[in-house]
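# Structural description and commentary
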Amino acid sequence: AKSRGRNNVQIFHPSMLHATQQRSRTAAELRNAIENGELLLYYQPVVELATGRIIGIEALVRWVHPTRGMIMPESFIPVAEETGLIVDLGRWVLQEALQQLKSWNDVAPLPSQLKLHLNLSAAELLRNDLLEDIARSLERRGIDPGRLVFEITETVLMTRETEEAQVLGKIRGLGVGLQIDDFGTGYSSISYLRSLPADTVKVDQSLIEGMDNDAGQQTFVAAVLQLIESAGLQAIVEGIETAEQVSQLRRLGCRFGQGYYFGRPLPAAETVALLNSPLPS
Ligand code: C2E
Ligand code: CA
Ligand code: CA
Ligand code: CA
């Protein structure tokens, strides 16, 4: 009882109380933000390393708060996930991003290889109208399901919940792509690589950080890329910031990448110029 008492003292530490209040304020405000149109999507290119050709575009949500200014997803996605607001947020992201894709395509037909990547949280898999919403939203705009890829963290994909696994299978059944996100940051990823209903893997930035001058790290990245390939999956390395990283990854046979080196996330109006032109490689 004594040790529990000590733990309780820690739990109710004033700074944590403040954090809790901050969270519930954020949750309340976020609920309004979704309705009031305070959310905005930025888009970041995914490129073919050899050519700089754009093969995808990832939508990343931003919250333009009336008084706090631009809020980054790390500050509100976890709150949205805890409160279930992620479901409404995800609904909005799907509609907004598909509408944007259609608008771009109406202006100038998009390159056939270009895919739209959307991040999907675990809680969204249990939303009962998810499949219907995806299928209808695509159909309504005449968008081929093959144009869409959902990025899902491996923690979600590793779930043993059959219900969630079934939903993933059904998403694939629609012809929509599934990608493992943040690969290399979770646990026991390796054993699950082959059994997951995914076709691409996004290798986390932390694996290539410091690879520039570290031969050991380069060998390690090479092994990770081989592992992904041996599982029959395609690798995309994220968080590429330097030309040196690009040339090393190319040398290791990595075909696709994403990162500030190729382009930071940008608002839709600034993204459109990238869609039909190659980037530096
Ligand atoms: P993520 O899916 O792993 O997205 C990559 C994050 O790394 C993005 O941060 C991106 O801006 C950043 N990034 C890209 N290239 C580089 C680089 O070269 N260097 C560095 N240092 N960072 C780079 P962002 O936009 O702040 O998003 C953070 C996370 O929030 C995302 O991580 C994703 O997990 C989540 N998120 C964003 N939008 C959504 C959404 O619509 N739905 C859901 N469920 N989650 C989202
Ligand atoms: Ca992602
Ligand atoms: Ca990621
Ligand atoms: Ca991440």
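Residues numbered from 1 in each chain as written. Chains lettered and ligands numbered in written order. Predicted model: local features only at pLDDT ≥ 70, side-chain atom pairs only at ≥ 80, totals over all residues. Heavy atoms only, no water.

The chain appears in an unreviewed UniProt entry as Diguanylate cyclase (GGDEF) domain-containing protein from Crystallibacter crystallopoietes.

Okay, the site of ligand 1 next. Close to ligand 1 lie 24 residues; Q44, R62, S121, E241 and Y260 are nearest. Here V61 contributes a backbone N or O atom positioned 3.1 Å from a nitrogen atom of ligand 1. Interatomic distance of 2.6 Å between a side-chain N/O atom of E241 and a nitrogen atom of ligand 1. Burial of ligand 1 by the surrounding chains reaches 84%, relative to a free accessible area of 800 Å². Elements supplying a minimum of two residues to the shell around ligand 1: β2 (54–65), α4 (86–107) and β6 (177–183). In terms of residue count, the dominant contributor to the shell around ligand 1 is β2 (four residues). The class makeup of the residues in the shell around ligand 1 is 10 nonpolar, six polar and eight charged. (Near = heavy atom within 4 Å. Polar contact = N/O pair within 3.5 Å; in protein donor to acceptor, adjacent residues only side chain to side chain. Areas by Shrake-Rupley, 256 points an atom, 1.4 Å probe, with all protein chains shown as cover. Helix = DSSP H or I, 4+ residues; strand = E, 2+ residues; numbered from the N terminus. Nonpolar A, V, L, I, M, F, W, Y, C, P; charged D, E, K, R; others polar.)

This next bit is on the side chain of R127. On the secondary structure map, R127 appears in the loop between β4 (115–119) and α5 (130–140). Residue R127 is classed as buried on the basis of its relative accessible area, which comes to 8%. Among the polar contacts made by the side chain of R127, one reaches the side chain of D129 at a distance of 2.8 Å. For R127, the contacting residues outside a window of four places in its chain are V87, R91 and D133. (Buried < 20%, exposed > 50% of the residue type's maximum accessible area, 1.4 Å probe, protein only. Contact = heavy atoms within 4.5 Å.)

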